Amino acid sequence: MNTIETYGIIQNLKENPSANTSEQAPIRGLLHQYQEVIIKSLITSFGLDLLFIKDRHGGDVDTIHNVRAMQKGDSHFEGYANKNNQHDYEEQSNYDKSISTKYHTHKNYINRNREGAIEKEQGILKDAYTGNRISQNEKIDLDHVISAKEIQGDAGRILANADGIELANQLTNLKHTNRSINRSKGAKTTKQFNDSLDKMRSERQERIKELSNQVELDDRERKELNKLTQLESVNAKAMEDVEKVARNSYDKQLESKYYTSTKFLNDTIKSSYTLGMKMGLKQALGVILAEVVIIVKAGLPSLIKKMRASFDLKVFFNEIASMIKTAFKRICQKYKEIIQGFKDGILSGMLSSLTTTLINIFVTTAKNAVKIIRESFSTVVEALKILILNPQNLPHGEVMKAVAILISTGASVVLGTIVAEAMRKIPALNIPIVGDVLTTFVGASVTGLVSISLIYYIENSKNIKKIIDWLNQTKSSIDYKLDDYKKINEDLLHYVAKLEEIDLHHLSKQVEMTNEIAIQLTAANSDLEINRTLTDIVQKYNVHLSYDGTINGLTDFMNDPTSTLQFKL
């Protein structure tokens, strides 16, 4: 007998007839699942962090903001994330006479100096730092608003691999001013220069007054009075505005060059991949260790009770071996969860690394902030998986409860991290090894206690229960569509099951016979031929009639209101 191939669908339907008709039950063994969540959270967030991940102040990718902070002496940094960048800084930050000459002989510098001399002769040149018109006999300099020395030694410029000479000699960074002002300013920033002017203001004004009241001045005194007068005429606001324009242009060019470079892209990809892999391994190992801890925790009370009366080393090791074997079986059964944990870890690790790098472009993230970002993304990834994929096919209320529990656990980890970081700042706890162990223990304890408390509240609060019950009763349009698809799927499987029982060989013979009869009847041209053809068909195929086959018999049959016409092959 030929049958329709169903590729095991029918067998599965026969073996599990209710698999497609009954809804899956809500979360079972909630307390056990909560226990797993907390144990896994504590193991991965505190225990395995020490093994897999070493958080860095400022993240794992060098940014312009961070390298400048290191240059200014921020002691929180442990050096450059990429040692090649540190080597470049050490090699290129030197500023000597030969380098200074290159900055001050650039074509833009020479051309602007010539233009300034012409404008000075025409009486239209203004001092950028005082706002006053420069007289024809006044001695002036062309100043690098951001000094050549600062640009040459700027860690941000070196990181971006930008040409300092070109950047220093842009028109926005070249301004004419009185020679005394320029040489007093030197390599100082505007803020440093203005601060020094403010600091010496009263002494300077007193000296100006003293020199101005003298009847006669020698050359040295005249030069001193001119210098002090010029310094007193500096307009701090105008100077700050000039530097702001210069720095905005300078910084934008550095940022554009570095953050679009293959160097930054490669470092970012490498950092994201590395952290993703570490997070993936951490999450997967966390699932495994959580199973081991749970099995051992469940078996220890009975083992202790058994060993209390008389300790037998052989029995003890046999029991431990049994626990390990049980844990291994459980781990093998949870291979899908381990793989999923690895995948989720990779995703959350990559997202947290990218986020940290993005933040570090503008500000510096501390170690605890890096960990908080990482743990937050881990929680977000798992929560989104439950919300979007709903792998256990839970009702709306149970989905929201599961997400609430997950977020509560993640928030507890964040709180534990903050507490641990706060404790590390206590001088009395800055004890090698012991201090780290103590702060980690306290952080883990805070996480565990807060997690349990929040989970207990979510599980036992009457208000929460009302909300969950209400959500469980609600259905979205997607839910209704899914129900329709399930019904269609169920009907299709039953229909396929009926088709499976058809004998294809027998069906084929019947189709051939029916086709032959149709051809013979079509060929008949009169009632007599049709009657003769039908008689031949009845005889040939042994068709069972409800009457004797004669005209009279048919007449009697048709006159009988109780008779039923049937043809049987």
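All of these numbers come straight from a predicted model, not from anything done at the bench.

A. A look at the overall build of the protein chain. Within the protein chain, the regular secondary structure consists of 25 helices and two strands. Scored against the burial criterion, the 569 residues of the protein chain give a buried share of 37%. Within the protein chain, contacts between residues separated by at least 24 positions form 75% of all contacts whose residues are at least 6 apart in sequence. Total accessible area on the protein chain stands at roughly 34800 Å², and carbon and sulfur atoms take up 59% of it.

B. The arrangement of unusual backbone geometry in detail. Residue Asn161 is not a glycine yet carries a positive backbone phi of 55°. For Asn161, the location among the structural elements is in the loop between helix H8 (155-160) and helix H9 (164-168).

C. Inspection of the nonpolar core at higher detail. Among the nonpolar cores identified, the biggest contains 34 residues, and Tyr129, Phe193, Leu254 and Tyr258 are the most heavily contacted of them. For this core, the secondary-structure elements that each account for two or more residues are helix H3 (64-71), helix H5 (97-104), helix H7 (148-153), H8, H9, helix H11 (190-199) and helix H14 (236-259). For this core, the leading source of residues is H14, giving seven residues. Excluding residues that lie within four positions of it along the chain, Tyr258 makes contacts with Asp62, Thr63, Ile64, Leu159, Ala160, Lys263 and Phe264.

D. Broad picture of the packing of aromatic side chains. Scanning all chains against the criterion turns up five aromatic pairs. Counting every residue linked through ring pairs, the aromatic cluster contains Tyr258, Tyr259 and Phe264.

E. Here's a closer look at a nonpolar patch on the surface. A contiguous nonpolar patch, built from Val292, Val296, Leu300 and Ile304 and spanning about 270 Å² of accessible area, is present on the exposed surface. Among the structural elements, Val296 can be located in helix H15 (residues 262-309).

F. View of the pattern of salt bridges. Counting across every chain of the model gives 18 salt bridges. The closest approach of N and O atoms between Asp241 and Lys237, which form a salt bridge, is 2.9 Å. Of this pair, Asp241 and Lys237 both sit in helix H14, four residues apart, roughly one helical turn. On the accessibility criterion, Asp241 (34% relative accessible area) is partly exposed. When salt bridges with common partners are traced through the structure, they connect Asp198, Arg201, Arg204 and Glu232 into a single cluster.

G. Structural view of the environment of Asn194. Considering the arrangement of structural elements, one finds Asn194 in helix H11. For the pair formed by Asn194 and Met239, sequence separation is 45 residues and the distance between their alpha carbons is 8.8 Å.

H. Representation of the pairing of strand S1 (residues 140-144). Of all five residues in S1, five are buried; the element is thus mostly enclosed. Of the two faces of S1, the one lined by Ile140, Leu142 and His144 and the one lined by Asp141 and Asp143 are each fully buried. Here S1 runs beside strand S2 (residues 174-178); their pairing, made up of five bridges, is antiparallel. Bridging across to S2, Asp143 finds its partner in Lys175.

I. Geometry of the environment of Lys126. Mapped onto the elements of the fold, Lys126 is located in the loop between helix H6 (107-122) and S1. When the C-alpha positions of Lys126 and Thr177 are compared, they lie 7.8 Å apart, and in sequence the two are 51 residues distant. Dropping the residues within four chain positions of it, Lys126 is found in contact with Gly131, Asn132, Arg133, Ile134 and His176.

J. Expanded view of the packing of H3 against H14. It is at 11 Å that the axes of H3 and H14 come closest, and there the two elements cross at 115°. Side by side, H3 and H14 meet where Ile64, His65 and Arg68 of the first sit next to Tyr250, Asp251, Leu254, Glu255, Tyr258 and Tyr259 of the second. Each residue belonging to the contact of H3 with H14 can be placed in one class, and the counts come to five nonpolar, one polar and three charged.

K. The arrangement of the packing of H15 against helix H17 (residues 335-360) in detail. Running from N to C, H15 and H17 cross one another at 145°; their axes reach a closest spacing of 6 Å. Note on packing geometry: the crossing formed by H15 with H17 is right-handed. Considering only residue class, the contact of H15 with H17 consists of 13 nonpolar, 13 polar and one charged.

L. Structural view of the confidence of the model for the protein chain. For the protein chain, per-residue confidence averages 79 on the pLDDT scale, and 80% of positions sit at 70 or higher. Ranking the elements of the protein chain by mean pLDDT puts helix H1 (residues 9-15) last, at 40, and H8 first, at 96. Predicted confidence is poor over residues 1-30, with pLDDT under 50, and the contacts of this stretch with residues over four places away or in other chains come to 37 contacts.

M. Quick look at the side chain of Arg56. By the secondary structure assignment, Arg56 is in the loop between helix H2 (30-52) and H3. Although Arg56 is buried, it forms no salt bridge, and the closest oppositely charged side chain is Asp60 at an N-O distance of 4.1 Å. Engagement of the side chain of Arg56 in a polar contact is seen with the backbone oxygen of Gly79, the distance being 2.7 Å.

N. Spatial organisation of the environment of Asp251. Along the chain, the position of Asp251 falls in helix H14. Asp251 gets classed as partly exposed once you look at its relative accessible area, which sits at 22%. Sequence separation between Asp251 and Ile64 is 187 residues, and the spatial gap between their C-alpha atoms is 9.3 Å. In terms of polar contacts, Asp251 uses its side chain to reach the side chain of Arg68, at 3.1 Å.

Rules used throughout
- Residues numbered from 1 in each chain as written.
- Predicted model: local features only at pLDDT ≥ 70, side-chain atom pairs only at ≥ 80, totals over all residues.
- Heavy atoms only, no water.
- Helix = DSSP H or I, 4+ residues; strand = E, 2+ residues; numbered from the N terminus.
- Buried < 20%, exposed > 50% of the residue type's maximum accessible area, 1.4 Å probe, protein only.
- Contact = heavy atoms within 4.5 Å.
- Areas by Shrake-Rupley, 256 points an atom, 1.4 Å probe, with all protein chains shown as cover.
- Core = buried A, V, L, I, M, F, W, Y, C linked by side-chain atoms within 4.5 Å.
- Phe/Tyr/Trp six-rings, centres within 6.5 Å; stacked < 30°, edge-to-face > 60°.
- Patch = residues over 30% accessible without salt bridge, like charges linked within 9 Å, V, L, I, M, F, W, Y side chains within 5 Å.
- Salt bridge = Lys/Arg side-chain N within 4 Å of Asp/Glu carboxyl O.
- Pairing = 2+ DSSP bridges.
- Axes fitted to C-alpha atoms, helices over the stretch in contact; angles between N-to-C directions.
- Nonpolar A, V, L, I, M, F, W, Y, C, P; charged D, E, K, R; others polar.
- Left-handed = near helix turned anticlockwise from the far one by under 90°.
- pLDDT = per-residue confidence, 0-100.
- Lys, Arg positive; Asp, Glu negative; His and termini not counted.
- Polar contact = N/O pair within 3.5 Å; in protein donor to acceptor, adjacent residues only side chain to side chain.

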